[in-house]
Amino acid sequence: MANLSSKEITALEEQLSAERMLVAKYRGMASQCSDAVIKNKLDTIASRHQQHFDRILTFLN
């Protein structure tokens, strides 16, 4: 791990929390959606936020 300041670590943790919330939000909306095109788009957006979460997590490990 790079030498991160406590302020940088806090910012990364806050961003992790935001990304986790967005993943849950878009997956939840996708699960309630009956339109296949919209459901697919919501799943794609959720996957993108999951990728963001995973990348940020690598900085904290």
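Keep in mind the model is a prediction, meaning the values are calculated, not measured.

A. View of the nonpolar core. Grouped together as the largest cluster of nonpolar side chains are six residues: L22, Y26, A30, L42, I45 and A46. Of all the secondary-structure elements, those providing two or more residues to this core are α1 (6–32) and α2 (36–60). For Y26, the residues in contact, after removing those within four places along its chain, are L42, I45, A46 and H49.

B. Spatial organisation of the packing of aromatic side chains. One pass over the structure, following the stated rule, counts zero aromatic pairs. A cation over a ring is seen here: K25 above Y26, with NZ or CZ 5.9 Å from the ring centre.

C. Structural view of the environment of K25. Residue placement: K25 occurs in helix α1. With 28 residues separating them in the primary sequence, K25 and F53 have C-alpha atoms 14 Å apart.

D. A look at the packing of α1 against α2. Running from N to C, α1 and α2 point in directions that differ by 160°, and their axes come no closer than 8 Å. On the basis of their axis angle, the class for α1 and α2 is roughly antiparallel. Here α1 and α2 pass one another in a crossing that is left-handed. Considered class by class, the residues forming the contact of α1 with α2 number 16 nonpolar, five polar and six charged.

Rules behind the numbers
- Residues numbered from 1 in each chain as written.
- Predicted model: local features only at pLDDT ≥ 70, side-chain atom pairs only at ≥ 80, totals over all residues.
- Heavy atoms only, no water.
- Core = buried A, V, L, I, M, F, W, Y, C linked by side-chain atoms within 4.5 Å.
- Buried < 20%, exposed > 50% of the residue type's maximum accessible area, 1.4 Å probe, protein only.
- Helix = DSSP H or I, 4+ residues; strand = E, 2+ residues; numbered from the N terminus.
- Contact = heavy atoms within 4.5 Å.
- Phe/Tyr/Trp six-rings, centres within 6.5 Å; stacked < 30°, edge-to-face > 60°.
- Lys NZ or Arg CZ within 6 Å of the ring centre and 35° of its normal.
- Axes fitted to C-alpha atoms, helices over the stretch in contact; angles between N-to-C directions.
- Parallel < 35°, antiparallel > 145°, perpendicular 65-115°, else oblique.
- Left-handed = near helix turned anticlockwise from the far one by under 90°.
- Nonpolar A, V, L, I, M, F, W, Y, C, P; charged D, E, K, R; others polar.

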